[in-house]
Amino acid sequence: MNDMTRPDMAKAARAILARNDRGGYTVPTERLYPFQWNWDSAFVAMGFATFDVDRAYRELERLAEGQWDDGMIPHIVFHAPSDTYFPGPDVWGTRHRIPTSGITQPPVFGMALRHVHEAAVAAGDAGAAERTRKLFRNALRSHRWWLAARDPEGTGLVAILHPWESGSDNSPAWDEALARVPTTTTTAIRRKDTGHVDPSMRPRDVDYQRFIHLVDVYRDCGWDPAKQWKAAPFKVAEVQMTAILARSTRDLIDLARRLDLPDETTELTSMAETLEKGLAGRWRDDLSRFVSRDLVSGEDIAAPTQAGFIPLIAVMLDQSQRKAVDAEIAHWCEGMAVGVPSTMPSAPAFEPRRYWRGPVWAVINWLIADGLRHNGLNDTARRVERGTVQAMERAGFCEYFDPTTGEGLGGDTFSWTAAAYLVLNRRS
Ligand code: GLC
């Protein structure tokens, strides 16, 4: 890869999206993740928007096909069968007309919709308003679901009931909360991931037992949100999720204004204010970042993970918070070949090659850079973007990167990494 010029790299990134296209939707990578994933697709739609607006809309439209009647957009839509992934549709046992999983993922959808809409308008696409209007309805229903199902007490923070919902499956942030979850399962566990990728880079077997225990519990609740809320052995009011929801809500407000939808603008504004207030209360001066709360123990989750920086996309920090967060990110990146690590390198939990316990993820850097810019920290934003682009230029479009060496790890030919290249390459 390292002798490729930038236009070559952009061409290669587009080729990965084409290769992972399964007919209007994109799989994260072949074999390891052979279906449509929720937040992957939202990032991918933004990547497509750099060169093919029609295809960008299509990605979101196909994801919306999986939306449940109650508004939830599931984390996986099983458009077509594949036997290279576990757990498949039979384990989830959900009832949507297209098989889906029963949990969700970060709602990047709203951010992506605004991005795609703007690209379509810039390209003079006559059908943009109509396509955006329909998808806006999907997004709005999903945001209503989030607040009703995942913040029933109106705290301004939405909760995850499964680590997979966070998108950061085996993050050290979940260690304590997950340790309480039994390892017993009624479902037989047949992992496929460790046949595709070196097991030392993947979550451990004991993590999988707990992941599947949670699926068993929620399936037994008939996927009813109120029943799940009561039964959940794992429940975390999460700052990364809330921040993405809040940012997406602001992006939907922008679209509601353009589409001339005053009632929706009012509804979404009150939603955004609630979430931003909830997030602001999660800042910890002593840690220079935001923290989630374990709703089962009632304790803050102080584990140093990337999630603590994501609220910058939604919240305006004051001057001293800005300085503190800037210094904290610089500290995490000290001595690293590529930042920003998903776990602070000096933490005992740091494992530079194991998935969400240390590696650098391009889409996370994209969010961190957006948050830094939102807060006027442009130099650091540019540094993060440039470092991410260079990591891809050196190692290719891998699933993630070892921060200590820059080596590309996990699955290769990853869709959202290619999408991140297409977007970040234009900025750095
Ligand atoms: C893993 C990641 C998750 C991602 C999925 C597909 O489960 O943790 O964030 O959406 O793979 O790429």
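Below: a short report on this structure.

The rules behind the values
- Residues numbered from 1 in each chain as written.
- Predicted model: local features only at pLDDT ≥ 70, side-chain atom pairs only at ≥ 80, totals over all residues.
- Heavy atoms only, no water.
- Helix = DSSP H or I, 4+ residues; strand = E, 2+ residues; numbered from the N terminus.
- Buried < 20%, exposed > 50% of the residue type's maximum accessible area, 1.4 Å probe, protein only.
- Contact = heavy atoms within 4.5 Å.
- Lys, Arg positive; Asp, Glu negative; His and termini not counted.
- Charge placed at Lys NZ, Arg CZ, Asp CG, Glu CD.
- Axes fitted to C-alpha atoms, helices over the stretch in contact; angles between N-to-C directions.
- Left-handed = near helix turned anticlockwise from the far one by under 90°.
- Pairing = 2+ DSSP bridges.
- Near = heavy atom within 4 Å.
- Polar contact = N/O pair within 3.5 Å; in protein donor to acceptor, adjacent residues only side chain to side chain.
- Areas by Shrake-Rupley, 256 points an atom, 1.4 Å probe, with all protein chains shown as cover.
- 1 Å grid on protein atoms, 1.4 Å probe; cavity = no way out; pocket = protein on both sides within 12 Å on 5 of 7 lines; lining within 4 Å.
- Sits in = over half its atoms within 2 Å of the grid points.
- Nonpolar A, V, L, I, M, F, W, Y, C, P; charged D, E, K, R; others polar.
- Salt bridge = Lys/Arg side-chain N within 4 Å of Asp/Glu carboxyl O.
- Expected span 1.5 Å × (residues − 1).
- Core = buried A, V, L, I, M, F, W, Y, C linked by side-chain atoms within 4.5 Å.
- Parallel < 35°, antiparallel > 145°, perpendicular 65-115°, else oblique.
- Phe/Tyr/Trp six-rings, centres within 6.5 Å; stacked < 30°, edge-to-face > 60°.
- Points joined across faces, edges and corners; volume = space filled by probe spheres on them.

### Here we look at the overall build of the protein chain
Along the backbone of the protein chain there are 17 helices and 10 strands. Among the 428 residues that make up the protein chain, the fraction classed as buried is 62%. Here the contacts in the protein chain between residues at least 6 apart in sequence split such that 71% fall between residues at least 24 apart. Averaging the positions of the 51 positive and the 57 negative side-chain charges in the protein chain gives two centres separated by 1 Å.

### Details of the packing of helix H2 (residues 38-48) against helix H17 (residues 415-424)
Packing of H2 against H17 leaves a shortest axis separation of 8 Å and a crossing angle of 35°. Taken as a pair, H2 and H17 cross one another with a handedness that is left-handed. The residues of H17 that touch H2, namely those facing Trp 39, Asp 40, Phe 43, Val 44, Met 46 and Gly 47, are Ser 415, Trp 416, Ala 419, Leu 422 and Val 423.

### Here's the deal with the sheet that holds strand S7 (residues 292-294)
Pairing is antiparallel in the open sheet, where 4 strands are placed in the order S3-S4-S7-S8. Sheet topology places strand S3 (159-160) and strand S8 (300-301) at the edges, where each strand pairs with a single neighbour. With 2 bridges joining them, S3 and strand S4 (residues 236-237) adopt antiparallel strand pairing. Bridge pairing in S4 places Ala 159 opposite Ala 237.

### Some words on the site of the ligand
Taken together, Pro 28, Tyr 33, Trp 37, Trp 39, Asp 40, Gln 105, Gly 167, Asp 169, Tyr 355, Trp 356, Phe 414 and Trp 416 form the complete shell of residues around the ligand. One nitrogen or oxygen atom from the side chain of Tyr 33 is found 3.3 Å from an oxygen atom belonging to the ligand. Within the contact set of the ligand, an oxygen atom lies 2.6 Å away from a backbone nitrogen or oxygen of Gly 167. Burial of the ligand by the protein chains amounts to 97% of its free accessible area of 310 Å². Here the ligand occupies the largest cavity. Taken together, the residues of the shell around the ligand sort by class into 8 nonpolar, 2 polar and 2 charged.

### What to know about the pattern of salt bridges
Within the structure shown, the criterion is met by 38 salt bridges. Measuring nitrogen to oxygen at the nearest pair gives 3.0 Å for the salt bridge that ties Arg 114 to Glu 118. In this pair, Arg 114 and Glu 118 are both assigned in helix H5 (residues 109-122), 4 residues apart and thus about one turn of the helix distant. For Glu 264, the salt bridge goes to Arg 137, with nearest N and O atoms at 3.1 Å. Placement of Glu 264 in helix H13 (residues 262-280) and of Arg 137 in helix H6 (residues 128-150) is noted, with a sequence separation of 127 residues between them. A residue is classified by how much of its surface remains accessible, and Glu 264, at 14% relative accessible area, is buried.

### Some remarks on helix H16 (residues 378-395)
Across its 18 residues, H16 extends 26 Å between first and last C-alpha, which sits within 8% of the 26 Å expected from 1.5 Å per residue. If you check which residues of H16 are buried, you get Thr 380, Ala 381, Val 384, Glu 385, Thr 388, Val 389, Ala 391, Met 392 and Glu 393. Check the buried side of H16 and you find it contacts helix H1 (6-19), helix H14 (319-333), helix H15 (362-374), strand S9 (400-401) and H17. Looking one or two residues past H16, Gly 396 carries a phi angle of roughly 95°, positive in sign.

### Considering the nonpolar core
Ranked by internal contacts, the top residues of the largest apolar core, which has 143 residues, are Trp 39, Phe 43, Phe 136, Phe 234 and Phe 397. Excluding residues that lie within four positions of it along the chain, Phe 234 makes contacts with Ile 160, Leu 161, His 162, Pro 163, Trp 174, Ala 177, Leu 178, Val 181, Leu 214 and Tyr 218.

### Some remarks on the packing of H2 against H5
One can describe the packing of H2 onto H5 by two numbers: an axis separation of 9 Å at closest approach and a directional angle of 10°. By the angle between their axes, H2 is roughly parallel relative to H5. Residue-level contacts link Ala 42, Ala 45 and Met 46 of H2 to Phe 109, Met 111, Ala 112, His 115 and Val 116 of H5. Its residues assigned to classes, the contact of H2 with H5 comprises 7 nonpolar, 1 polar and no charged.

### Points about the packing of aromatic side chains
For the coordinates displayed, the defined rule picks out 27 aromatic pairs. Between Tyr 355 and Tyr 400 the ring centres are 5.6 Å apart and the planes differ by 75°, which places this aromatic pair in the edge-to-face class. Separated by 45 residues along the polypeptide, Tyr 355 in the loop between H14 and H15 and Tyr 400 in strand S9 bring together distant segments of the chain. Summarising the burial analysis for this pair, Tyr 355 and Tyr 400 share the class buried.

### Thoughts on empty space enclosed by the protein
Tallied over the entire structure, the rule returns 4 cavities of 30 Å³ or more. Its boundaries defined by the atoms lining it, the largest cavity holds a volume of some 200 Å³. Looking at the largest cavity, it is lined by 19 residues, and the ones nearest its centre are Tyr 33, Trp 37, Gln 105, Asp 169 and Tyr 355. Partitioned by chemical class, the residues of the lining of the largest cavity number 12 nonpolar, 3 polar and 4 charged.

### A look at H13
Taking 1.5 Å as the rise per residue, H13 with 19 residues should run 27 Å; its terminal C-alpha atoms sit 27 Å apart, in good agreement. Every buried residue belonging to H13 is among Glu 264, Thr 265, Leu 268, Thr 269, Met 271, Ala 272, Leu 275, Glu 276, Gly 278 and Leu 279, and all of these are buried. Packing partners of the buried residues in H13 comprise H6, helix H12 (239-258), strand S5 (283-284) and strand S6 (289-290).

### A few points about the environment of Pro 107
Within the fold, Pro 107 resides in the loop between helix H4 (89-92) and H5. Once the C-alpha coordinates of Pro 107 and Ala 139 are considered, the two residues, 32 residues apart in sequence, prove to be 8.5 Å apart. Ignoring any residue separated from it by four or fewer positions in sequence, one finds Pro 107 in contact with Trp 146, Met 241, Ile 244, Leu 245 and Ser 248.

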